[in-house]
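Architecture and fold: a report
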Amino acid sequence: ALPFLTFGGVVPFFHIGDLALVQGQFAQAATEYEEGIVLFKAAGSESGLRDLQAGLAAVRYLTGDFPEAAALYGESLQQSHAMAFWPLVVSSLLGLAGIAIEVGDPARGARLLGAAEGIASSLGSPMYTREDPVMDRVLATVRLALDEQRFADLREAGRALSIEAAIGEALTAAEAGRSSLIAAD
């Protein structure tokens with residue numbers, strides 16, 4: 001292990017990045033997450049890397065860089081699922097719900113939101129605080145796209161999805177989000 005990756009040396013990247021994110025200081029959050037990602041890659045720490053990657057994905061989503069957010073969330077989702085790191089699976093599902101909505105698939109977004117909420121509930125733990133601004137944006141954009149009854153029905157359907165089905169839907173959203181870069185060029 002690298003000497004600078006002690007408990008005290010790593011925690012600031014999580015806390016400062018997350019704090020900056022919820023305060024809307026996106027440039028500061030991105031810097032903290034990016035620096036932490038470099039360190040975690042060097043140390044070969046997968047769980048820390050995926051956590052920071054999901055935080056950076058949230059920054060990209062909230063600042064409108066949907067292709068990059070989709071790529072980061074998609075990778076974090078796949079690796080977090082493989083490690084059974086369920087809180088990060090939830091984080092990625094929520095972010096990819098937003099991506100789905102932004103690329104024109106609000107029904108998938110509503111289902112993914114429901115899936116994220118359902119899995120979080122089954123874990124008995126709340127979502128990370130850094131997800132609050134992501135949740136706010138997801139809710140605002142899905143409500144612009146769907147009427148309340150349709151949204152409620154799709155959200156409830158998402159809660160009933162298996163983890164595998166939710167991940168399949170989320171990876172479809174990630175691919176659509178990454179493809180939006182091609183469409184924008």
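Above this text is the structure in question.
This text gives an overview of the structure that appears in the document. Not measured: the values here are computed from a predicted model.

Regarding the overall build of the chain
Tallying secondary structure elements over the chain gives nine helices and zero strands in all. Start at the N end of the chain and walk to the C end: the helices and strands fall as α-α-α-α-α-α-α-α-α. Residue burial in the chain is summarised as follows: out of 185 residues, 48% are buried. If you take every contact in the chain between residues at least 6 apart in sequence, the share linking residues at least 24 apart comes to 67%. Accessible surface, the chain: about 8200 Å² in total, of which carbon and sulfur atoms supply 57%.

Quick word on the side chain of S80
By the secondary structure assignment, S80 is in helix α4 (residues 66-82). Dropping the residues within four chain positions of it, S80 is found in contact with R50, F85, L88 and V89.

Describing helix α8 (residues 148-159)
Helix length check: α8, at twelve residues, gives a terminal C-alpha distance of 17 Å against a target of 16 Å (1.5 Å per residue), a fit within 8%. Taken as a whole, α8 has its buried residues at F151, L154 and G158. Along α8, the residues classed as buried sweep out an arc of 70° about the axis, all on the same side. Exposed and facing more than 90 degrees away from the buried side of α8 are Q149 and E156.

A few points about the packing of α4 against helix α5 (residues 86-102)
The geometry of α4 relative to α5 is characterised by a closest axis approach of 9 Å and an angle of 150° between their N-to-C directions. Classified by the angle between their axes, α4 and α5 sit roughly antiparallel to one another. In this structure, α4 meets α5 at a crossing whose hand is left-handed. Across the interface between the two elements, F66, A69, A70, Y73, G74, S76, L77, S80 and H81 from α4 touch W86, L88, V89, S91, S92, L93, G95, L96, I99 and E102 from α5. Residues of the contact of α4 with α5, tallied by class, amount to eleven nonpolar, seven polar and one charged.

Here's the deal with the nonpolar core
Counting 51 residues, the largest nonpolar core has Y61, Y73, L93, L96, L113, V134 and V138 as the members making the most contacts within it. It is α5 that provides the largest number of residues to this core, a total of nine residues. If near-sequence neighbours (up to four positions away) are discounted, L113 is found in contact with L94, A97, M135, V138, L139, F151 and R155.

A short note on the environment of G74
Looking at the element boundaries, G74 is found in helix α4. Put simply, G74 and S92 are 18 residues apart on the chain and 7.1 Å apart in space, counted from C-alpha to C-alpha. Aside from chain neighbours lying at most four places away, what touches G74 is L96, L171, A174 and R178.

Examining helix α6 (residues 106-123)
Every α-helical turn comprises 3.6 residues, leaving residues that sit three or four positions apart pointing alike. Helix length check: α6 (18 residues) gives 26 Å between terminal C-alpha atoms against 26 Å at 1.5 Å per residue, within 8%. With 14 of 18 residues buried, α6 is to be regarded as a mostly interior element. Once α6 finishes, G124 follows within two positions and takes phi at roughly 70°, a positive value.

Section: the packing of aromatic side chains
Overall, the coordinates contain one aromatic pair when judged by the stated rule. Between the aromatic rings of Y61 and F66, the centroid separation amounts to 6.0 Å while the plane-to-plane angle is 55°, which identifies the pairing as tilted. Exposure remark for Y61: the relative accessible area of 0% places this residue in the buried category. Owing to a relative accessible area of 15%, F66 belongs among the buried residues under this scheme. When the ring centre of Y61 is taken as reference, the NZ or CZ atom of R137 above it lies at 5.1 Å.

Conventions adopted
- Residues numbered from 1 in each chain as written.
- Predicted model: local features only at pLDDT ≥ 70, side-chain atom pairs only at ≥ 80, totals over all residues.
- Heavy atoms only, no water.
- Helix = DSSP H or I, 4+ residues; strand = E, 2+ residues; numbered from the N terminus.
- Buried < 20%, exposed > 50% of the residue type's maximum accessible area, 1.4 Å probe, protein only.
- Contact = heavy atoms within 4.5 Å.
- Areas by Shrake-Rupley, 256 points an atom, 1.4 Å probe, with all protein chains shown as cover.
- Expected span 1.5 Å × (residues − 1).
- Arc of directions from axis to C-beta.
- Axes fitted to C-alpha atoms, helices over the stretch in contact; angles between N-to-C directions.
- Parallel < 35°, antiparallel > 145°, perpendicular 65-115°, else oblique.
- Left-handed = near helix turned anticlockwise from the far one by under 90°.
- Nonpolar A, V, L, I, M, F, W, Y, C, P; charged D, E, K, R; others polar.
- Core = buried A, V, L, I, M, F, W, Y, C linked by side-chain atoms within 4.5 Å.
- Phe/Tyr/Trp six-rings, centres within 6.5 Å; stacked < 30°, edge-to-face > 60°.
- Lys NZ or Arg CZ within 6 Å of the ring centre and 35° of its normal.

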